[in-house]
Amino acid sequence: MIYEFPAPSAPIRQGDIFVGLPRIDISLNEIIVVSERGESVARWADIASKSEPINVIVPVRPVAAIVATQDCDAHHGRDITLCEIGSFRNVERKGKETSSAKKWKNLITQHARVNQKWFYLPPDENIGFAEKSAVDFMVTLRFSRIELEELRHLRKGRLNAIADEHFRERIGEFFRRYPYDEWYPLDP
């Protein structure tokens, strides 16, 4: 379909899909600080003013993600940025009540032109997607390039040439979009 499966030793590039990467969820109001005296809860505003490293406990969960970093930076840069991949029904709220094939087709093709916050990924058992999925451009992860290269066994595939070009355009459109109120030129 839209996926290909590179050799495990192939370099990381934009459009590579990883599974099982850690996503950290942290509250800025309730950070669990660990010290020699035990655990305590603090607000980030109080911690940041001290300018010294601390140990904290944070919740981590495994997620699927796709490389957003351009190829040249993915080969030579210090860090690689990825966007989280989730169930299409969770990324695009209109997918929650969609059931018929016709409604899916309209949502995926027509609404994708309007909503630039996601990129559709079809199900494929080889890549590990049992259901319709989507890249959520609003949720990014950052990892050391060298450390991510050591985890290439978590790469399940990558986008093929056509899908990769489409993905590149979509991510560019998302980060380049101009926010405005489309009602501003209208009169009563």
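All of these numbers come straight from a predicted model, not from anything done at the bench. (Residues numbered from 1 in each chain as written. Predicted model: local features only at pLDDT ≥ 70, side-chain atom pairs only at ≥ 80, totals over all residues. Heavy atoms only, no water.)

Novice: It is not clear to me how the overall build of the protein should be interpreted in this structure. Could you clarify?
Specialist: Within the protein one finds six helices and ten strands. Based on the C-alpha atoms only, the size of the protein along its principal axes is roughly 60 × 60 × 35 Å. Put simply, the protein has 188 residues, and 38% of those count as buried. As displayed, the protein offers around 12,300 Å² of accessible surface, 52% of which is attributable to carbon and sulfur atoms. Side chains of the protein carry 27 positive and 28 negative charges; the gap between the two charge centres is 4 Å. (Helix = DSSP H or I, 4+ residues; strand = E, 2+ residues; numbered from the N terminus. Buried < 20%, exposed > 50% of the residue type's maximum accessible area, 1.4 Å probe, protein only. Areas by Shrake-Rupley, 256 points an atom, 1.4 Å probe, with all protein chains shown as cover. Lys, Arg positive; Asp, Glu negative; His and termini not counted. Charge placed at Lys NZ, Arg CZ, Asp CG, Glu CD.)

Novice: Would you mind showing me how to read the sheet that holds strand E5 (residues 55-57) here?
Specialist: As a general point, the strands of a sheet are linked pairwise by backbone hydrogen bonds and lie either parallel or antiparallel. Strand order in the open sheet formed by three strands is E4-E3-E5, with antiparallel pairing between adjacent strands. Looking at strand neighbours, the two that pair on one side only are strand E4 (38-42) and E5, the edges of this open sheet. Neighbour to neighbour, the strand axes of the sheet diverge by 40° on average, direction disregarded. By the bridge criterion, three bridges tie strand E3 (residues 31-35) to E5 in an arrangement that is antiparallel. If you follow valine 34 over to E5, its bridge partner there is asparagine 55. (Pairing = 2+ DSSP bridges. Axes fitted to C-alpha atoms, helices over the stretch in contact; angles between N-to-C directions.)

Novice: Which parts of the structure should I look at to understand the pattern of salt bridges?
Specialist: Pairing of side chains with opposite charge becomes possible as their charged atoms draw close. In total, this model carries 13 salt bridges according to the counting rule given. The partner of arginine 23 in a salt bridge is glutamate 84, with the nearest N and O atoms 2.7 Å apart. Taken as a pair, arginine 23 in strand E2 (residues 16-24) and glutamate 84 in strand E7 (residues 79-87) lie far apart in primary sequence, 61 residues in all. Across the pair, glutamate 84 and arginine 23 agree in class, each one buried. One network of salt bridges, in which partners are shared, links Arg13, Asp71, Asp164, Glu165 and Arg168. (Salt bridge = Lys/Arg side-chain N within 4 Å of Asp/Glu carboxyl O.)

Novice: It is not clear to me how the pairing of strand E8 (residues 118-121) should be interpreted in this structure. Could you clarify?
Specialist: Consecutive residues of a regular strand have side chains that alternate between opposite faces of the sheet. Alternating residues of E8 divide into Trp118 and Tyr120 and Phe119 and Leu121, and every residue in both groups is buried. With four bridges joining them, E8 and strand E9 (residues 133-144) adopt antiparallel strand pairing. If you follow tyrosine 120 over to E9, its bridge partner there is alanine 134.

Novice: Can you help me understand the sheet that holds strand E10 (residues 155-159) in this one?
Specialist: Spatially, the seven strands line up as an open sheet ordered E1-E10-E2-E6-E7-E9-E8, and their pairing is antiparallel. A single partner strand is all that each edge strand has here, and the edge strands are strand E1 (3-4) and E8. As defined by bridge partners, strand E6 (residues 60-67) adjoins E7 across four bridges and the pair is classed as antiparallel. Considered in E7, the bridge of valine 67 is made with leucine 82. Of the strands in this sheet, E1, E6, E7, E8, E9 and E10 touch helix H6 (residues 161-176), which is tilted by about 80° from E9. (Contact = heavy atoms within 4.5 Å.)

Novice: Where do I start with the packing of aromatic side chains in this structure?
Specialist: Both the distance between ring centres and the angle between the ring planes are used here to describe each pair of aromatic rings. One pass over the structure, following the stated rule, counts eight aromatic pairs. Taking the centre distance of 6.2 Å and the plane angle of 70° together, the rings of tyrosine 3 and phenylalanine 129 count as edge-to-face. Of this pair, tyrosine 3 sits in strand E1 while phenylalanine 129 sits in the loop between E8 and E9, and the two are 126 residues apart along the sequence. Ring centres 4.8 Å apart and planes at 80° place the aromatic pair phenylalanine 174 and phenylalanine 175 in the edge-to-face group. An aromatic cluster of three or more residues is present, and its members are Phe119, Phe137, Phe167, Phe174 and Phe175. The cationic tip of lysine 132 hangs over the ring face of tryptophan 104; the distance from NZ or CZ to the ring centre is 4.8 Å. (Phe/Tyr/Trp six-rings, centres within 6.5 Å; stacked < 30°, edge-to-face > 60°. Lys NZ or Arg CZ within 6 Å of the ring centre and 35° of its normal.)

Treat this as a map of the structure, not an account of what it does.
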